[in-house]
Amino acid sequence: MKNRRILLGLVIIVMTYDVSAASDINTFSGWKGENWSLHGRLKQGVSVLYDLPDNDNVLGPSNTTAELKFSYRPNNSWTFITNAWYRADLSPSLGDDFDTGQGLQDPTSAGFNGRLPYRLNEHSCLGTIGDPFCADLDQIRRFDDLDEVLRELSIKYRDPKSRYTIKAGKFQRGWGQSDGLRLLDILHAQDLRERFAFRDSDELRIPAWMVSADLNFERMGIAAPFKALGMRRPTLEFNFVPEVHHSQFIINNPTPSSLTAGGAFGLPFPALKDPVSGYGLVGIGANLQEKTPDDFGFRDAEFSMRLRFDALGGEFTLNGFYGMQDLPLVEFTGANVVAGSALNNESLAAAVVPLDLANAIGAIHAPGGYLGWLRSVASGNPIPFPLSDGGIAPLAALSGGELPNCIDPVFGASTPADLPCSVNANFNLDYDHRQKVIGFSFARDMVELEIGRKLVTPTLRLEVAYELDKPFNRSVAADPFVPGATVSGSNSLVIGPSAAYTDSDVLSTMIGFDYALWVPGWDLQKKSIFTSFQFFNIHTFDADEGLLQQAPYGFETVAKNQQYATFLWNMPVINERLIFEGLFIRDFDNSGTFYRQRIDFQFFGNNFRPRLEWMTFSGEGQNAPIGILDHSDLIEFSLTYQF
């Protein structure tokens, strides 16, 4: 299996469009009274994965959703909304050989570059080299915590003169003109645990407890200074979010003491490889802990503002966001020597010997340390394994004589009491960093252009986001023991945080065009075909200094410019009872292609909505964002009952 990498900071992750109403609860007829309404939906899907390596077609993700939304509006000023949903995902057995190459490095393979088997969502394993790790997880993944179930609980007050609106509670808001890549739509973290980013954006956003105020300057009588600058109908939005979330995703981490599995849409564990010797980092696993800002409070609260106005024949917004990063940096905190298990299983170890940060860095980078040993093996002149008798950090010394030494993988045991060993690096996934973004968006109907047989006007959309001092892990860092030398790739993570972190400004731009297409010669066409084209460029100013895309699971460097194009089309036929929708995404830098085809059937009244969906990913496993899901092609049928 090829190693897979993850896109820049996982920030470039939302590439899903949906202009159909099949999943929008607000479009359902529902039950209504004089000042209240109740909407709901029940949805069940079942899918088949058909592009798994070494497997036939198997049952894929099968999502269940139940949702209710109640609105109460006693008068024109007050609105109360409660919205709750329950989600579950059947993550079935994917076969003994699914993603065989996604485990830890295989000590029996040439150059340690093979990968141990790793079965996702199985309930048994042998604990041997041939069958080392399995995810002992429920096959049905449920999202049933109260915080996950409650989508909205809000109260909104609108001034009788429409001068201002204040909304408080738990809810979500969307920003920006781009459909897909998140440039300005960053008010909320994202839930990527079901279909990664390939779902509808309103279902990806994680709602938060917040307070929002919208001020209509014209109604308030203070619009004159803005009008003098050519800014008509100015309004100001202000958001205060004391509850901080980070994006949720699942890593297919085979390290037993930090075992997680997300199935076909889990993020893959990378091949751990020393770029100097070309050998795999055999015996190395990763324990992951989260380091997060305050969940609720003022110290890490998020603030955002958006000024909206009309100018130049279109609508402008000026945006500012001061919040927290929703994707992590990686902070090396030390390591655990797993004595008695060559497969990194701390629960089966004779003992687990912790190493603090300084000793862990020395055991890895110092002369005679792990990397020196690995490179000596590659050269054919092996030195003693650092934890063995004769190594620089023998286990007996680390344990104060309470344990024997580790078995040397090349020379074997020095005494019969020596133990097989492995090492788990301890990392914090560090979300406790500020995110600072400014930008603008613009949308305008190009009334000067009338194109096609019905002289339709296209719509222009622009969006620009400038992030200041975005933090990155370094892809190249100073060697802590050899002056003037550097370490790179995964080796650059196992150093002190001060040397591992850096930052860069990032400029993201989008230009898009929407057009209602009437096909020439199709005289029986009843409805136009909605089309939307977008081009994105993400410019990282200090990319040439060596920045990791997304540690610890993406060890490739950030490109100076990353470019993407998307094309969406939506075609209703047969009196809008059959709706075809296609989405094409091209990642130019990484040669990745994604296509999604949806077919909605609306022949069964207002309550039942069947859908057929096909998603296909084409790209090398090394490349992101599409290559990491190269074997996640699926066909899904879902049925929604709505009221």
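On a predicted model such as this, the values are computed, not experimentally measured, just so you know.

> Teacher, can you tell me more about the overall build of the protein here?
Counting secondary structure elements, the protein contains eight helices and 33 strands. Looking at the protein residue by residue over its 643 residues, the buried ones come to 57%. About 26400 Å² of surface is accessible on the protein, with carbon and sulfur atoms providing 57% of the total.

> How should the sheet that holds strand S18 (residues 329-339) be read in this particular structure?
Sheet strands pair by backbone hydrogen bonding; their relative direction is either parallel or antiparallel. Spatially, the four strands line up as an open sheet ordered S15-S20-S18-S19, and their pairing is mixed. Every other strand in the sheet has two partners, leaving strand S15 (284-291) and strand S19 (351-355) as the edge strands with one partner each. Across the sheet, the axes of successive neighbouring strands diverge by a mean angle of 30 degrees, strand direction being ignored.

> Would you mind showing me how to read the state of the cysteines here?
Applying the stated rule across the entire model yields one disulfide. Here Cys406 pairs with Cys421 through a disulfide, and the sulfurs are 2.0 Å apart. Residues Cys406 and Cys421 are joined through a disulfide that is left-handed, its torsion about the S-S bond being -85 degrees. Taken as a pair, Cys406 in the loop between helix H7 (395-398) and strand S20 (421-430) and Cys421 in strand S20 lie far apart in primary sequence, 15 residues in all. We classify Cys421 as buried; its relative accessible area is 14%.

> What is the right way to read the confidence of the model for the protein from this model?
Low pLDDT means the predicted coordinates in that region are not meant to be read closely. Here the protein averages 88 in pLDDT, and 89% of its residues register 70 or above. Contacts for the low-pLDDT stretch residues 1-23, under 50 throughout, to residues beyond four places or in other chains number 127 contacts.

> Hey, could you run me through the environment of Ile361 in this one?
With respect to the helices and strands, Ile361 occurs in helix H5 (residues 357-365). Residue classification places Ile361 among the buried positions, given a relative accessible area of 12%. As for Ile361 and Thr333, which are separated by 28 residues in sequence, their C-alpha atoms are 9.5 Å apart. Those residues in contact with Ile361, other than ones at most four positions away along the chain, are Phe332, Ala366, Pro480, Phe481, Val494, Ile495 and Gly496.

> Teacher, can you tell me more about the pattern of salt bridges here?
For side chains bearing opposite charge, pairing can occur when the charged atoms are close. Evaluated as defined, the whole model comprises 35 salt bridges. Its salt-bridge partner being Glu315, residue Arg308 comes within 3.4 Å of it at the nearest N-O pair. Taken together, the shared-partner salt bridges in this structure form one network comprising Arg41, Glu67, Arg87, Glu148, Arg151, Asp191, Arg193, Glu194, Arg199 and Glu203.

> Help me out: how do you make sense of the packing of aromatic side chains in this one?
The relation between two aromatic rings is expressed through the spacing of the ring centres and the mutual angle of the planes. Applying the stated criterion to the full structure yields 25 aromatic pairs. An aromatic cluster is present here, built from Tyr72, Trp78, Phe80, Tyr157 and Tyr164 joined pairwise through their rings. A cation over an aromatic ring shows up here: Arg87 above the ring of Phe143, its NZ or CZ 4.8 Å from the ring centre. Above the plane of the ring of Phe472 lies Lys470, whose end atom (NZ or CZ) is 5.5 Å from the centre.

> Is there a simple way to think about H5 in this case?
An α-helical turn contains 3.6 residues, so a residue and the one three or four places further along point in the same direction. Within H5, burial applies to Ala360, Ile361, Gly362, Ala363, Ile364 and His365. Close packing links the buried residues of H5 with S18, S19, helix H6 (370-379) and strand S24 (486-488).

> What should I look at first to understand unusual backbone geometry in this one?
Leaving glycine aside, a negative phi is the common case for residues, and trans is the common case for peptide bonds. Even without a glycine there, the phi angle at Leu455 is positive, about 50 degrees. By the element assignment, Leu455 lies in the loop between strand S21 (434-445) and strand S22 (459-473). With phi around 65 degrees, Glu576 is a residue other than glycine that occupies positive phi space. Along the chain, Glu576 turns up in the loop between strand S29 (561-573) and strand S30 (578-587). For Glu576, a relative accessible area of 40% gives the class partly exposed.

> Is there a simple way to think about the pairing of strand S33 (residues 634-642) in this case?
Residues in a regular strand point their side chains to alternate faces of the sheet. The alternating pattern of S33 places Leu634, Glu636, Ser638, Thr640 and Gln642 on a buried face and Ile635, Phe637, Leu639 and Tyr641 on a face that is not buried. Here strand S2 (residues 36-49) runs beside S33; their pairing, made up of nine bridges, is antiparallel. Bridge pairing links Gln44 to Leu639 in S33. Direction of pairing for strand S32 (residues 608-618) relative to S33: antiparallel, over a ladder of eight bridges. Looking at the pairing, Leu612 lines up with Phe637 of S33.

> Help me understand H6, please; the structure alone is not making it clear to me.
Taken residue by residue, H6 has Tyr370, Leu371, Trp373, Leu374, Ser376 and Val377 as its buried positions. In the core, the buried residues of H6 are packed alongside S15 and H5. Gly380 occupies a position one or two residues after H6 and carries a positive phi of about 90 degrees.

> Where do I start with the nonpolar core in this structure?
Grouped together as the largest cluster of nonpolar side chains are 68 residues, with contacts concentrated most on Phe196, Tyr370 and Phe427. Those elements giving two or more residues to this core turn out to be S15, S18, S19, H5, H6, S20, S30 and S32. Taken domain by domain, the makeup of this core includes at least three residues from each of domain 1 (2-328 + 431-642) and domain 2 (331-429). With sequence-adjacent residues up to four places away left out, Phe427 is seen in contact with Ala286, Asn287, Leu288, Gln289, Val330, Glu331, Phe332, Thr333, Leu493 and Val494. With 18 residues, the next largest nonpolar core counts Leu183, Ile186, Ala543 and Val558 among its residues.

> How should I be thinking about the side chain of Gln435 in this particular structure?
Inspection of the secondary structure puts Gln435 in strand S21. In this structure Gln435 touches Ile186, Phe321, Tyr322, Gly323, Met324, Gln325 and Glu467, once residues within four positions along its chain are discounted.

> Would you mind going over the side chain of Asn473 with me for this structure?
Along the polypeptide, Asn473 turns up in strand S22. For Asn473, a relative accessible area of 3% corresponds to the buried category. Within the local environment of Asn473, its side chain forms a polar contact with the backbone nitrogen of Val330, the two atoms lying 2.8 Å apart. Beyond its immediate sequence surroundings of up to four residues, Asn473 is in contact with Leu329, Val330, Leu493, Ala500, Tyr501, Leu547, Leu548 and Ala551.

What counts and what doesn't
Residues numbered from 1 in each chain as written. Predicted model: local features only at pLDDT ≥ 70, side-chain atom pairs only at ≥ 80, totals over all residues. Heavy atoms only, no water. Helix = DSSP H or I, 4+ residues; strand = E, 2+ residues; numbered from the N terminus. Buried < 20%, exposed > 50% of the residue type's maximum accessible area, 1.4 Å probe, protein only. Areas by Shrake-Rupley, 256 points an atom, 1.4 Å probe, with all protein chains shown as cover. Pairing = 2+ DSSP bridges. Axes fitted to C-alpha atoms, helices over the stretch in contact; angles between N-to-C directions. Disulfide = S-S within 2.5 Å. pLDDT = per-residue confidence, 0-100. Contact = heavy atoms within 4.5 Å. Salt bridge = Lys/Arg side-chain N within 4 Å of Asp/Glu carboxyl O. Phe/Tyr/Trp six-rings, centres within 6.5 Å; stacked < 30°, edge-to-face > 60°. Lys NZ or Arg CZ within 6 Å of the ring centre and 35° of its normal. Core = buried A, V, L, I, M, F, W, Y, C linked by side-chain atoms within 4.5 Å. Domains from an automatic or database assignment. Polar contact = N/O pair within 3.5 Å; in protein donor to acceptor, adjacent residues only side chain to side chain.

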